[in-house]
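The lines below spell out each chain.
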Amino acid sequence: MADGAATLPETRVGAVMSAIEARIAGRILGPGARLPSIRAFAETMGVSKSTVVEAYERLGAEGAIVSRPGSGFYVAGRPEPLSLAAIGPRLDRAVDPLWIARQSLEPGQDLLKPGCGWLPPDWMPDGSLRRALRQLARDPHQSLACYDAPLGHPGLRQLVARRLSDRGIPAHPDALVLTDSATQALDLICRFLLEPGDAVLVDDPCYFNFHALLRAHRVRIVGVPFGTAGPDLAALAAALAEHRPRFYLTNSGLHNPTGATVSPATVHRVLKLAEAHDTLIVEDDIYADFEPEPGPRLAGFDGLERVIHIGGFSKALSAAARTGVIALRPDWVERLVDLKLAVSLGNGSLAAGLVHRTLSDGSYRRYLDGMRARLAEARGSVVKRLTGLGLSVPHVPAAGMFLWARLPGGLDAAAVARRALAGGVVLAPGPVFSVGQDAADRLRFNVAQCGERRMFEVLARAMG
């Protein structure tokens, strides 16, 4: 034990140990990696050198690190499996984003889920899907045993290309790559573009799974403040200049969680900033079918030169037949398909065939009209009930399923979510959407999942 170690404050030694253990768990420091020097880490942690010596010696006694005389301290042994919880800020496990997803997806629980991000099953076009399944089963040309084409289902790519064109996004079917979900599409883009340590800009707040997925790719996540008018352009310009990110990941339409849609002027300015700083943009457009009229899109203004556009069908059509799509510049398609084949060997032909037949059915447009009207009615009702409980909704979106509400009196959203969980209600507290751990008084509500009175009763009790 180092001289004087017995008198060292335990909390300081523990803090140094925890910092090193977190770096090892998060794979920032892998097996054989050299730890920071005692002097350097003492300066980083704001402690004395003797505190770092004691922490390193304790970690050595535990077998986590080894000392090499004259060289320093190194990580020992084999790497632990990846722990996403060890990467990024520590959140209360009861309300972290991955926990919310697990609880919302767990079958057989009598939970109300206003914090989840999908429509209730009885809102989905069940009849159209069953009809399409029967048609697939009778079609002798539909393979039930083979892999799909490398780019994905040709008929679905042609249909998606027409749909994108209707929204002002010029995309040829041969410049579209199908995947098994929009999440897989984003993961593929991350594999395609990123190296560990790269910087990626995200909206703050943004969809919480963006954080988890980017942490899994071991990149630096930088938040850009996002409000009802879109990203803070001054903050975006500063972040582009300081961090030189590989790309900026955003929703320009029906933003999750705020529900905002970016104006044409803001889209134009964002593209000019990306061009000036030689940065790509990845545009997630998973909620496109929720809009009655297509709003401005970065990919439409850009023509897929600097923007990679991602879409999917799990939110409006079926989460059980997940299909994603990537639209990107033609000269990157072959390389992206090679990567797709390397990591997945292709996407599901049955799911793609089911989506194609359902979208080709004239009933899908009628279903969308009804679903949008139903959401509009629910949105108005939920706003009234939330404001009646004392919450405020500064921005009421024109479409989509989300409301970004503020709790009254400085109430803490995480604490409210914990109390609501005890009452059988899964909420989505603001901090899980924020890289900077802001939005402490915010909750995201899915208006389609707020139909039961018990949800509001539990929320009222949780607010105390």
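The protein chain appears in an unreviewed UniProt entry as 8-amino-7-oxononanoate synthase from Methylobacterium oxalidis. What UniProt states about the protein chain under its Sequence similarities (unreviewed entry) heading is, verbatim, "In the C-terminal section; belongs to the class-I pyridoxal-phosphate-dependent aminotransferase family."

Draft legend 1. Quick peek at the domain arrangement of the protein chain. When the domains of the protein chain are assigned, the result is domain 1 (12–75), domain 2 (97–118 + 370–463) and domain 3 (126–361). Using only C-alpha atoms to locate each centre, domain 2 and domain 3 end up separated by 26 Å. Contacts between the two partners involve 22 residues from domain 2 and, on the opposite side, 25 residues from domain 3. Surface buried jointly by domain 2 and domain 3 totals about 2000 Å² across both partners, of which 68% is contributed by carbon and sulfur atoms.

Draft legend 2. Expanded view of the packing of aromatic side chains. For the structure shown, the criterion picks out ten aromatic pairs. Taken together, a centroid distance of 5.0 Å and an interplanar angle of 65° make the contact between Tyr-56 and Phe-73 edge-to-face. On the criterion of sequence distance, the pair formed by Tyr-56 in helix α3 (residues 49–61) and Phe-73 in strand β2 (residues 72–75) is long-range, its members being 17 residues apart. Judged by relative accessible area, Phe-73 falls into the buried class, the value being 19%. Note on Trp-404 and Phe-433: the rings are 5.5 Å apart at their centroids and 80° apart in plane angle, and the pair reads as edge-to-face. Residue Trp-404 is found in strand β11 (residues 402–406), and its partner Phe-433 is found in the loop between β12 (428–429) and β13 (442–446); the two are separated by 29 residues along the sequence. Here Trp-404 falls in the buried class, since its relative accessible area comes to 8%. Through a chain of ring-to-ring contacts, the aromatic side chains of Tyr-207, Phe-208, Phe-210, Trp-404 and Phe-433 assemble into a single cluster. Taking the ring centre of Tyr-74 as reference, the NZ or CZ of Arg-68 above it sits at 3.9 Å. Taking NZ or CZ as reference, Arg-329 lies 4.3 Å from the ring centre of Trp-332, over its face.

Draft legend 3. Focus on helix α16 (residues 453–462). Of all the residues in α16, the buried ones are Met-455, Phe-456, Val-458, Leu-459 and Ala-462. Along α16, the residues classed as buried sweep out an arc of 160° about the axis, all on the same side. Opposite its buried face, α16 presents the exposed residues Arg-453 and Arg-461, each directed more than 90 degrees away. Residues of α16 that are buried in the fold lie against α14 (363–388), α15 (413–422) and β13. Note on α16: the residue one or two positions beyond its end, Gly-464, has a positive phi of about 70°.

Draft legend 4. Up close: the confidence of the model for the protein chain. For the protein chain, the average pLDDT comes to 90, and 92% of its residues sit at 70 or higher. Contacts from residues 1–8, a stretch scored under 50 in pLDDT, to residues over four places away or in other chains number eleven contacts.

Draft legend 5. Quick peek at the packing of helix α6 (residues 154–166) against helix α13 (residues 349–360). Across the interface, α6 lies against α13 with an axial gap of 9 Å and an inter-helix angle of 45°. With respect to α13, the element α6 is oriented oblique. As for how α6 packs across α13, the hand of that crossing is left-handed. Residues Gly-155, Leu-156, Leu-159 and Arg-163 of α6 touch α13, and the partners they reach there are Ala-352, Val-355, His-356, Leu-359 and Ser-360. Class assignment of the residues belonging to the contact of α6 with α13 gives a composition of five nonpolar, three polar and one charged.

Draft legend 6. How the structure looks around the sheet that holds β12. Taking strand neighbours across the sheet as the criterion, the three strands line up as β11-β13-β12 in an open arrangement whose pairing is antiparallel. The two strands at the open ends of the sheet, each matched to only one other strand, are β11 and β12. Taken together, the two bridges between β12 and β13 define a ladder with antiparallel strand orientation. In the sheet register, Pro-429 faces β13, and the bridge partner there is Leu-443.

Draft legend 7. Examining the packing of helix α7 (residues 182–193) against helix α8 (residues 208–216) more closely. Direction vectors running N to C along α7 and α8 enclose 40°, while the axes themselves pass 11 Å from each other. The angle between α7 and α8 falls in the class oblique. Note on packing geometry: the crossing formed by α7 with α8 is right-handed. Across from Thr-183, Leu-186, Asp-187 and Cys-190 in α7, the residues of α8 making contact are Asn-209, Phe-210, Leu-213 and Leu-214. Residues that form the contact of α7 with α8 fall into these classes: five nonpolar, two polar and one charged.

Draft legend 8. Just the nonpolar core, in detail. Counting 115 residues, the largest nonpolar core has Leu-119, Ile-326, Leu-386 and Phe-445 as the members making the most contacts within it. At nine residues, α14 tops the list of elements feeding residues into this core. There are two domains that each give this core at least three residues, and those are domain 2 (97–118 + 370–463) and domain 3 (126–361). Among the nonpolar cores identified, the runner-up in size contains 17 residues, and Met-17, Ile-20, Tyr-56 and Val-75 belong to it.

Draft legend 9. Spotlight on the state of the cysteines. Within this structure, the stated rule accounts for zero disulfides. Of all cysteine sulfurs in the structure, the one in Cys-450 sits closest to Cys-116, which takes part in no disulfide; the separation is 9.0 Å. What makes Cys-116 buried here is its relative accessible area of 2%. In this structure Cys-190 is a free cysteine whose sulfur lies 12 Å from that of Cys-206, the closest cysteine sulfur available. Looking at Cys-190, the relative accessible area reads 0%, which means it is buried.

What counts and what doesn't
Residues numbered from 1 in each chain as written. Predicted model: local features only at pLDDT ≥ 70, side-chain atom pairs only at ≥ 80, totals over all residues. Heavy atoms only, no water. UniProt positions renumbered as here; feature names shortened; annotations may be inferred. Domains from an automatic or database assignment. Contact = heavy atoms within 4.5 Å. Buried area = accessible area lost by both parts, 1.4 Å probe. Phe/Tyr/Trp six-rings, centres within 6.5 Å; stacked < 30°, edge-to-face > 60°. Helix = DSSP H or I, 4+ residues; strand = E, 2+ residues; numbered from the N terminus. Buried < 20%, exposed > 50% of the residue type's maximum accessible area, 1.4 Å probe, protein only. Lys NZ or Arg CZ within 6 Å of the ring centre and 35° of its normal. Arc of directions from axis to C-beta. pLDDT = per-residue confidence, 0-100. Axes fitted to C-alpha atoms, helices over the stretch in contact; angles between N-to-C directions. Parallel < 35°, antiparallel > 145°, perpendicular 65-115°, else oblique. Left-handed = near helix turned anticlockwise from the far one by under 90°. Nonpolar A, V, L, I, M, F, W, Y, C, P; charged D, E, K, R; others polar. Pairing = 2+ DSSP bridges. Core = buried A, V, L, I, M, F, W, Y, C linked by side-chain atoms within 4.5 Å. Disulfide = S-S within 2.5 Å.

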